[in-house]
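Each chain is listed here by its residues.
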Amino acid sequence: MLNAAAKPFVKLVERYLPDPYIFVLLLSIVVFAAAVLFQQQSALQVLQYWGDGFWGLLSFSMQMLLVLVTGFMLASTPLVTGLLNRLAALAKSAGQAIVLVTVISLIASWLNWGFGLVVGALFAKALARRVKVDYRLLVASAYSGFIVWHGGLAGSIPLTIATTGHFSAAQIGIIPTSDTIFAGFNLLLVALLFIAVPLLNYLMRPSAADSVYIDPAKLQPNAVPVAGNERPADKLENSLLLALLVGFAGVAYLVQYFAKGGGLNLNIVNFLFLFLAIVLHGTPRRLLHSLQQAIQGGAGIVIQFPFYAGIMAIMLQSGLAQSMSQWFVSFASAETLAFWSFISAGIVNIFVPSGGGQWAVQAPVMLPAALELGADVSRIAMAVAWGDAWTNLIQPFWALPVLAIAGLKAKDIMGYCLLQLVVTGVIISLVLSFG
């Protein structure tokens, strides 16, 4: 039944969802017009917001590019390739491959969102080399695990409000992760999604006639070109000692960092991936060969993220995001505020695809409302976090690294993700409201 239900979603998205670059151009025009029409901002002022904010995500863009590049380089090492292949060997059928990639992606995303994006996509390729399975659904399944990231160990909103001196501390104080990430309702929600998301992906398997397969030969990594070792430069490029000296220096730093109580963040994940890749590739030549393959998939990140920075600037500085949030809060009660916070966050996330940026927009609206209505502040914060994570299922912004690694386009996977959006939205709403 779900296979039949998924087909119209898949066909709808394949026909009407444009390339993510076209999507972000259209979204820019919509947000620009909305700021002028609904916020009474002049076109010149909105243009100023857009232009001034266009490069506001440069640091984050580089981080995301490095998520793709360093993750690819690490996964292409002989050790990790072997581990992924052995794990992929556990799947003997298309259904098993779908469930396995979803579960691994869920676990990895709960630990760290950047780690989850890379591991899910690379594991999907490893499975597709061994099992005949619809490649679109396989990659969609890998991406669907991303939905749990904001309820996990690297969730930016719960970690922010647990940090001394955060910008809302005067209103709500410090809220420990025991009340957010490790709260009973959040753990229940994560557990339900760990059951529902793999099951739904499994049930959406298309028939053999409707399946789209990929030639496993296209997923094989290119062999490292053989080069001479006569020139001094060749000897340096093939030097195991040089790679290990620098690589183990990075590993030593990480040991020291974690020994002092440091936690996972995007920079540390990228640092970890890079220096493990340096060590495990063994020689600079092998690492550089892997880099050449990895960088080819980064074009979408490079061109699109500045446009999203411009969109975010308009949403924040024009007051449009705050107005959207206030409209939802205006008819909420203490019992329904969590639900409406979740829905409003899901909508705002389409335009402001950043958990930290979204909290900066919605916290000044949601927190006073929660205090005035007597709602549970920690639950409201997690409702915003889950809304941010929820609509990532249909936001091409976060899918770019996965699609680049897998070699697909957004329209190839978003039909399956759209059905996941509907089902998971019901589950999250019920738990936030009654769990």
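Residues numbered from 1 in each chain as written. Predicted model: local features only at pLDDT ≥ 70, side-chain atom pairs only at ≥ 80, totals over all residues. Heavy atoms only, no water.

## Details of the confidence of the model for the protein
Basically, it comes down to this: Confidence scores per residue from the predictor, reported as pLDDT, run from 0 to 100. Helix numbers and strand numbers start at the N terminus; a helix is a DSSP run of H or I with at least 4 residues, a strand a run of E with at least 2.
Here the protein shows a mean pLDDT of 88. Residues at 70 or above account for 96%. The element-level mean pLDDT for the protein is lowest in helix α1 (residues 2-16), coming to 73, with helix α11 (residues 184-203) highest at 97.

## Thoughts on the packing of aromatic side chains
The line we're drawing: The rule is short: rings of Phe, Tyr and Trp, with Trp giving its six-membered ring, pair when the centres are within 6.5 Å, and they are stacked under 30 degrees, edge-to-face over 60, tilted in between. Relative accessibility decides the category of a residue: with a 1.4 Å probe and only protein chains considered, values under 20% of the type maximum give buried, values over 50% give exposed, and everything between is partly exposed.
Applying the stated criterion across every chain, the model contains 17 aromatic pairs. Between Phe 54 and Trp 55, the aromatic rings sit 4.9 Å apart at their centres with planes inclined by 90°, giving edge-to-face as the arrangement. In this structure Phe 54 comes out as buried when scored by relative accessible area, which is 13%. What makes Trp 55 exposed here is its relative accessible area of 52%. Aromatic pair Phe 331 and Trp 340: ring centres 5.0 Å apart, planes at 90°, arrangement edge-to-face. On the basis of relative accessibility, which here comes to 39%, the residue Phe 331 falls in the partly exposed class.

## Considering the nonpolar core
Using the following cut-off: Only buried residues count toward a nonpolar core. Its members are Ala, Val, Leu, Ile, Met, Phe, Trp, Tyr and Cys residues joined through side-chain atoms within 4.5 Å. Here a residue-residue contact requires only that any non-hydrogen atoms of the pair lie within 4.5 Å.
Grouped together as the largest cluster of nonpolar side chains are 143 residues, with contacts concentrated most on Leu 138, Tyr 143 and Trp 386. Ranked by residues supplied to this core, first place goes to helix α22 (residues 410-434) with 12 residues. What Trp 386 contacts, discounting residues up to four positions off in sequence, is Ile 147, Val 148, Gly 151, Asn 186, Leu 189, Val 190, Leu 193, Phe 342, Ile 428 and Leu 432.

## Details of unusual backbone geometry
Even without being glycine, Gln 40 reaches a positive phi, approximately 55°. Here Gln 40 is to be found in the loop between α2 (20-38) and α3 (43-53).

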